[in-house]
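Overview (structure and organization)
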Amino acid sequence: MGTGTVVSGRLRKDLSKTNPNGNIPTENRSNSRKKIQRRSKKTLICPVQKLFDTCKKVFANGKSGTVPSQENIEMLRAVLDEIKPEDVGVSPKMSFFRSKETGRSPLVTYLHIYACHRFSICIFCLPPSGVIPLHNHPEMTVFSKLLFGTMHIKSYDWVKDSPQPSSDTRLAKVKVDSDFTAPCDTSILYPADGGNMHCFTAKTACAVLDVLGPPYSDPAGRHCTYYFDYPFASFSVDGVAVAEEEKEGYAWLKEREEEPEDLTVTAMMYSGPTIKE
C-alpha cells in the first residue's frame with residue numbers, strides 16, 4: 001500500500017486493535033490462524049475427487065480417437081502420480097490380493113469407481129501371478145497408475161501398412177517389455193502409439209488405477225479384442241523383412257475369437273472415498 005492510499009474503514013478498525021508497540025494482540029493472531037485453518041479445511045479436495053474433476057476437463061470432448069492436448073495430458077498425469085493406495089481405499093492386505101489354489105489363473109478383481117460416455121475410472125486388483133491377457137484399446141487414450149506391487153507389462157503398437165498373413169493377424173512392434181515396481185510414473189498409451197495393445201502379469205500382489213478416455217463401448221465400435229502373440233519367425237510374408245538382431249522386437253498378433261478361458265474377472269464394490277458429480 002502506497003503512502004498516499006486511503007485506508008478503508010474496516011482496515012482502520014483492525015489496525016486500531018494493535019497494542020501500543022504496533023503489534024497485533026496475541027488473541028487476535030490466534031483467532032486469525034483459526035479462521036485460516038477453517039478456510040483451508042473447506043477448500044481441501046480428496047485425491048479421487050481431484051482425479052474426477054481433472055478427467056472432466058481432460059476428456060471434455062469425449063469423441064473416439066481424440067487425444068487430449070499435451071498440457072491436459074501432463075495435468076492428469078501429475079494428479080495420478082500423486083495418488084496413493086489409501087487415497088482410493090485399497091491395501092495389499094485385502095483378501096482379493098491373495099492367490100487361491102483353483103488350478104487356473106488367479107482371479108482378477110475389478111473395482112468400478114466411475115464411468116460415463118467420455119471417460120471411466122477403475123482399479124484392477126491382481127494377486128501374485130494374476131494376468132490380464134493381451135488386449136487393445138481402440139480409439140482410446142489410457143492412463144495406468146501402478147498403486148503398489150511389481151508388475152510385468154508387455155505392450156505393442158501396430159506396424160502401419162504392413163502386409164498381413166491373414167485378415168485377423170497383423171504385425172506389431174514391441175513398445176514395452178519390462179517389470180515396473182511402485183512407486184513409478186503413470187504410463188500412458190494412445191490410439192495409435194504408446195503401446196495400445198498390452199498385457200499385465202503380476203509378479204507380486206498389484207493394484208492398477210486405470211483411466212480410459214473414452215471408455216470401451218460396443219455401440220460406439222470400441223470393442224475389447226484379445227490377441228495371441230507369435231514370434232516374428234512364425235509367419236513368412238512377402239514384403240515383410242526385419243534384421244535378424246531386431247526380430248525379437250516384433251511379433252504377429254492374431255485376434256482371439258473368444259475371451260481367454262483363463263481370464264476370470266469379478267466385480268467388487270469400491271470402498272474408497274465417494275465422488276461428487
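Check the entry above for the structure.
Residues numbered from 1 in each chain as written. Predicted model: local features only at pLDDT ≥ 70, side-chain atom pairs only at ≥ 80, totals over all residues. Heavy atoms only, no water.

Among the nonpolar cores identified, the biggest contains 34 residues, and Leu51, Leu76, Ile113, Ile123, Leu147, Leu209 and Val211 are the most heavily contacted of them. At the level of secondary structure, the elements contributing two or more residues to this core comprise α3 (47-58), α4 (70-82), β1 (108-115), β2 (120-126), β4 (141-148) and β9 (206-213). It is α3 that provides the largest number of residues to this core, a total of 5 residues. Not counting residues within four places of it along the chain, the set of residues in contact with leucine 209 comprises Leu51, Leu80, Ile83, Ile113, Ile121, Cys122, Ile123, Phe143, Ser144, Lys145 and Leu147. With 13 residues, the next largest nonpolar core counts Val108, Phe124, Leu126 and Cys206 among its residues. (Core = buried A, V, L, I, M, F, W, Y, C linked by side-chain atoms within 4.5 Å. Buried < 20%, exposed > 50% of the residue type's maximum accessible area, 1.4 Å probe, protein only. Helix = DSSP H or I, 4+ residues; strand = E, 2+ residues; numbered from the N terminus. Contact = heavy atoms within 4.5 Å.)

Charged atoms that come close allow side chains of opposite charge to pair. Considering all chains together, one arrives at 3 salt bridges under this definition. The shortest N-O distance in the salt bridge between lysine 254 and aspartate 168 comes to 2.9 Å. Placement of lysine 254 in strand β11 (residues 250-255) and of aspartate 168 in the loop between β5 (150-158) and β6 (169-181) is noted, with a sequence separation of 86 residues between them. For the salt bridge of glutamate 244 with lysine 247, the shortest nitrogen-to-oxygen distance reads 3.1 Å. We classify glutamate 244 as exposed; its relative accessible area is 59%. A relative accessible area of 27% places lysine 247 in the partly exposed class. (Salt bridge = Lys/Arg side-chain N within 4 Å of Asp/Glu carboxyl O.)

Right, let's get into the packing of aromatic side chains. As enumerated under the stated definition, the model contains 13 aromatic pairs in all. Both rings, one in phenylalanine 52 and one in tyrosine 114, keep their centres 4.8 Å apart while their planes meet at 75°; by these two values the pair is edge-to-face. Of this pair, phenylalanine 52 sits in helix α3 while tyrosine 114 sits in strand β1, placing them 62 residues apart in sequence. As far as the burial class goes, phenylalanine 52 and tyrosine 114 line up, both buried. Considering the side-chain rings of tyrosine 114 and phenylalanine 119, the 5.3 Å spacing of their centres and the 35° angle between planes classify their relative orientation as tilted. One exposure class covers both tyrosine 114 and phenylalanine 119, and it is buried. Within the aromatic cluster, the residues linked to one another by ring pairs are Phe52, Phe59, Tyr114, Phe119 and Phe143. (Phe/Tyr/Trp six-rings, centres within 6.5 Å; stacked < 30°, edge-to-face > 60°.)

Looking now at unusual backbone geometry. Leaving glycine out, the prevailing phi sign among residues is negative, and the prevailing peptide bond configuration is trans. A cis amide bond, omega 0°, links alanine 182 with the succeeding residue proline 183. As for its placement among the helices and strands, proline 183 is situated in the loop between β6 and β7 (187-189). A cis geometry characterises the amide bond from glycine 213 onward to proline 214, with omega recorded as -15°. Within the secondary structure, proline 214 sits in the loop between β9 and β10 (227-231). Despite not being glycine, glutamate 139 has its phi angle at roughly 60°, a positive value. Along the chain, glutamate 139 turns up in the loop between β3 (131-135) and β4. Residues other than glycine seldom take positive phi values, yet aspartate 161 does so here, at roughly 60°. Checked against the element boundaries, aspartate 161 lands in the loop between β5 and β6. Classification of aspartate 161 as exposed rests on a relative accessible area of 79%.

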